[in-house]
Amino acid sequence: MSTPTATHPEHESCVATHVEAHTIAPDLADRAATVLKAVADPLRLRMIALIASAPKGEACVCDLTELAEVSGPTVSHHLKTLKDAGLVASERRGTWVYYSVAEPYQPAVRGLLETLVPAAGADRATHDIELENVDRALAAVIASLTERFPEIAPTLVERVVRESYTGLARRAAIRQHLVPLTRHFAWQRLEDIRKTDAPAGDYPPQVLFVCVQNAGRSQLAAALLHHYAGDRVVVRSAGSMPAASVHDKVRVHLDELGSDEAAFPKPLTDDAVRASDVVITMGCGDVCPLYPGKRYEDWQVGDPALASAEGVAAIRDDIDARIRGLLGDILPDLTLPPTRKASA
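Rules used in this analysis
Residues numbered from 1 in each chain as written. Predicted model: local features only at pLDDT ≥ 70, side-chain atom pairs only at ≥ 80, totals over all residues. Heavy atoms only, no water. Helix = DSSP H or I, 4+ residues; strand = E, 2+ residues; numbered from the N terminus. Buried < 20%, exposed > 50% of the residue type's maximum accessible area, 1.4 Å probe, protein only. Contact = heavy atoms within 4.5 Å. Areas by Shrake-Rupley, 256 points an atom, 1.4 Å probe, with all protein chains shown as cover. 1 Å grid on protein atoms, 1.4 Å probe; cavity = no way out; pocket = protein on both sides within 12 Å on 5 of 7 lines; lining within 4 Å. Points joined across faces, edges and corners; volume = space filled by probe spheres on them. Axes fitted to C-alpha atoms, helices over the stretch in contact; angles between N-to-C directions. Parallel < 35°, antiparallel > 145°, perpendicular 65-115°, else oblique. Left-handed = near helix turned anticlockwise from the far one by under 90°. Nonpolar A, V, L, I, M, F, W, Y, C, P; charged D, E, K, R; others polar. Pairing = 2+ DSSP bridges. Core = buried A, V, L, I, M, F, W, Y, C linked by side-chain atoms within 4.5 Å.

Chemist: How do you make sense of the overall build of the chain when you look at a structure like this?
Modeler: Along its length, the chain carries 12 helices and 7 strands. Of all 344 residues assigned to the chain, the portion counted as buried reaches 36%. Within the chain, residue pairs in contact and separated by at least 24 positions form 66% of the contacts whose partners lie at least 6 positions apart. Approximately 19700 Å² of the chain is accessible, and the part contributed by carbon and sulfur atoms is 56%.

Structure (structure tokens):
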């Protein structure tokens, strides 16, 4: 048997010499494995699903005993396993004990129930066909964008397309639109890469709006800026944790502004930040990498996801006023229409 060497000339992409940089730390792997083992039982999985989906986010032990024809001690054993793993918390009220998903694990449990469980129930043959169709469709997108961006290496174009698809697919609510959305997102990213490598002054000013979900504030800001400035400003929007879709109450305003196919939640990329001249964050904290020569602002505006229809209209008016001020700086010769009547 040959002894593994430090390098593998025949496999230039091999990461064997940097395995620790591409895997999970041993202590974190042990901890995660303990949690996974705790839910790796059909009854415990059903228990945590019941707890997570209960109206108040908690379930009484009497509710949990109805899930299966097992004894009380067996139910207690399963609940203790979940509790010992840190997945659930308990609180005694009178003679009953109520269980809830522990706060640190709420996003993980939600992801487990919304992604892994449905995927496990999907028809495998159909899934394989869908994957084959997607791969064929992405190959066509890669070929098209490789031709459109001849100055960018084909391998980089392919990586951007596949990364874009993966990033959008993580939270997509409707998957039949993923390929065309991937094409648009990848095109934006490749445009940003091309701009970063181009001489200064060859492109119009570029503005990037970033919020948490890219489903409300940043979408409204991007739509308003494009509505007023058109092609005189390149507009991008992104989210630190993109939602599956734009908020319905915001979509009404985007339609009114004639928002195009760019109005869908997209993950924040380093390419977009590097290519932008102005980066505006909106309630997402310090998520943007800092590059010299950029103008950074943080706009404290309301969150449409939490507002009423009237509140969303007021948020739009607030963002509109800020957009007008921004355009006064970057396009001082632009004539803006009168401010619309303030929302009640």
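Chemist: When you look at empty space enclosed by the protein in this model, what are you seeing that I'm missing?
Modeler: One way to see where empty space is left: roll a probe the size of a water molecule over the atoms. The tally for this structure, following the rule as stated, stands at 1 cavity of 30 Å³ or more. Computed from the structure, the largest cavity encloses a volume of approximately 60 Å³. Phe 185, Gln 188, Arg 189, Asp 192, Arg 236, Ser 237, Ala 238, Pro 267, Thr 269 and Ala 272 together form the lining of the largest cavity. Listed by contribution, the elements that provide at least two residues to the lining of the largest cavity are helix H8 (178-197) and strand S5 (234-239). When residues of the lining of the largest cavity are assigned to their parent elements, the largest contribution, 4 residues, is made by H8.

Chemist: Just to check I follow, could you spell out the packing of helix H7 (residues 154-169) against H8 for this structure?
Modeler: Each pair of packed helices gets described by two things: the angle between the helix axes and the distance between those axes. One can describe the packing of H7 onto H8 by two numbers: an axis separation of 8 Å at closest approach and a directional angle of 130°. Taken together, the axis directions place H7 and H8 in an arrangement best described as oblique. The hand of the H7/H8 crossing is right-handed. Between H7, through Leu 156, Val 157, Val 160, Val 161, Glu 163, Ser 164, Tyr 165, Leu 168 and Ala 169, and H8, the contact on the second element is made entirely by Leu 178, Leu 181, Thr 182, Phe 185, Ala 186, Arg 189, Leu 190 and Ile 193. Class assignment for the residues of the contact of H7 with H8 results in 13 nonpolar, 2 polar and 2 charged.

Chemist: What is the right way to read the sheet that holds S5 from this model?
Modeler: The pairing of strands in a sheet comes from backbone hydrogen bonds and takes either a parallel or an antiparallel form. With respect to topology, 4 strands assemble into an open sheet ordered S5-S4-S6-S7, the strand pairing being parallel. If you trace the sheet from one side to the other, it starts and ends with S5 and strand S7 (295-298), each paired once. Geometrically, the sheet is characterised by an average inter-axis angle of 15° between neighbouring strands, direction not taken into account. Of the strand pairs in this sheet, strand S4 (residues 206-211) and strand S6 (residues 278-281) are connected by 4 bridges, and their pairing is parallel. Across the sheet, the residue bridging to Val 207 is Val 278, located in S6.

Chemist: What is the right way to look at the nonpolar core in this model?
Modeler: Nonpolar side chains in soluble globular proteins tend to end up buried together. One finds Phe 209, Leu 225, Met 282, Trp 299, Ile 319, Ile 323 and Leu 327 to be the most contacted residues of the largest nonpolar core, which totals 32 residues. At the level of elements, S4, helix H9 (217-229), helix H10 (248-256), S6 and helix H12 (309-330) are the ones that each hand at least two residues to this core. Sorting elements by how many residues they give to this core places H9 first, with 8 residues. The next biggest cluster of nonpolar side chains, apart from the first, holds 22 residues, and it includes Ile 48, Ile 51, Val 61 and Ala 85.

Chemist: For this particular structure, what's the right way to read the environment of Ala 313?
Modeler: Along the chain, Ala 313 turns up in helix H12. Residue class for Ala 313 comes out buried when judged on its relative accessible area of 12%. Between the alpha carbons of Ala 313 and Val 250 there is a distance of 8.7 Å; along the sequence they are 63 residues apart.

Chemist: What is the right way to read the packing of helix H2 (residues 42-53) against helix H4 (residues 72-84) from this model?
Modeler: Running from amino to carboxyl end, H2 crosses H4 at an angle of 70°, the nearest separation of the two axes being 10 Å. On the basis of their axis angle, the class for H2 and H4 is roughly perpendicular. For the pair H2 and H4, contact is made by Leu 43, Arg 44 and Met 47 and by Val 75, His 77, His 78, Leu 79, Thr 81 and Leu 82, respectively. Classifying every residue of the contact of H2 with H4 gives 5 nonpolar, 3 polar and 1 charged.

Keep in mind these numbers describe shape, not what the thing actually does.
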